[in-house]
Amino acid sequence: LIVDATGTDSESVVGDECHIVSSAKGGPRHDPDYSSTEIDELPNLMLLCRIHHKMIDDQAETYSTDILRSIKANHEKWVSHK
């Protein structure tokens, strides 16, 4: 999700910030009971490539909040062991 720096340019972040629970009514996985103060907090965010961001938002039934939180937790555990 980060392209390495070149001899003349800095690295480039190509990842998209993705919300697990959307703040938008009718948005993917929107939950009106989810705290608006927590929408932009780290537990509700994932960094994804543009393709996977679009995929999980278009397939919100397949990629539920529980599934996304599990994917995120497993990835964070993997990173911490590396």
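Residues numbered from 1 in each chain as written. Predicted model: local features only at pLDDT ≥ 70, side-chain atom pairs only at ≥ 80, totals over all residues. Heavy atoms only, no water.

K.L.:
Explain the overall build of the chain here, please?
P.N.:
Of regular secondary structure, the chain possesses two helices and four strands. Each helix and strand of the chain, placed in order from N terminus to C terminus, yields the pattern β-β-β-β-α-α. When the backbone C-alpha atoms are referred to their principal axes, the chain occupies close to 50 × 30 × 25 Å. A burial count over the chain gives 23% of its 82 residues as buried. A separation threshold of at least 6 residues defines the contact pool for the chain, and within that pool the share at least 24 residues apart is 54%. (Helix = DSSP H or I, 4+ residues; strand = E, 2+ residues; numbered from the N terminus. Buried < 20%, exposed > 50% of the residue type's maximum accessible area, 1.4 Å probe, protein only. Contact = heavy atoms within 4.5 Å.)

K.L.:
Explanation requested: the nonpolar core in the structure shown.
P.N.:
Among the nonpolar cores identified, the biggest contains nine residues, and these are Cys18, Ile20, Val21, Ile39, Met46, Leu48, Ile56, Tyr63 and Leu68. Beyond its immediate sequence surroundings of up to four residues, Val21 is in contact with Pro28, Arg29, His30, Asp31, Tyr34, Ile39, Asn44, Thr65 and Arg69. (Core = buried A, V, L, I, M, F, W, Y, C linked by side-chain atoms within 4.5 Å.)

K.L.:
Which parts of the structure should I look at to understand the layout of surface pockets?
P.N.:
If a probe as big as a water molecule is rolled over the atoms, it shows which places are left empty. In this structure, the largest pocket occupies an estimated 290 Å³ of space. Surrounding the largest pocket, 13 residues form its lining, Met46, Leu47, Leu48, Lys72 and His75 being those nearest its centre. When residues of the lining of the largest pocket are traced back to their parent elements, those giving at least two are strand E4 (45-48), helix H1 (50-58) and helix H2 (65-81). When residues of the lining of the largest pocket are assigned to their parent elements, the largest contribution, five residues, is made by H2. When its residues are assigned to classes, the lining of the largest pocket shows nine nonpolar, two polar and two charged. (1 Å grid on protein atoms, 1.4 Å probe; cavity = no way out; pocket = protein on both sides within 12 Å on 5 of 7 lines; lining within 4 Å. Points joined across faces, edges and corners; volume = space filled by probe spheres on them. Nonpolar A, V, L, I, M, F, W, Y, C, P; charged D, E, K, R; others polar.)

K.L.:
Please explain unusual backbone geometry as it appears in this structure.
P.N.:
Apart from glycine, the bulk of residues carry a negative phi angle, and the bulk of peptide bonds sit in the trans form. Phi is positive for Arg29, which is not a glycine, with a value near 60 degrees. For Arg29, the location among the structural elements is in the loop between strand E3 (16-19) and E4. Judged by relative accessible area, Arg29 falls into the buried class, the value being 10%.

K.L.:
Would you take a moment to explain the side chain of His53 for this structure?
P.N.:
Among the structural elements, His53 can be located in helix H1. Relative accessible area serves as the criterion here: at 16%, His53 is assigned to the buried category. Polar contacts involving the side chain of His53 include one to the side chain of Asp16, which spans 3.4 Å. Ignoring sequence-local partners within four residues, the contact set of His53 consists of Asp16, Glu17, Cys18 and Leu48. (Polar contact = N/O pair within 3.5 Å; in protein donor to acceptor, adjacent residues only side chain to side chain.)

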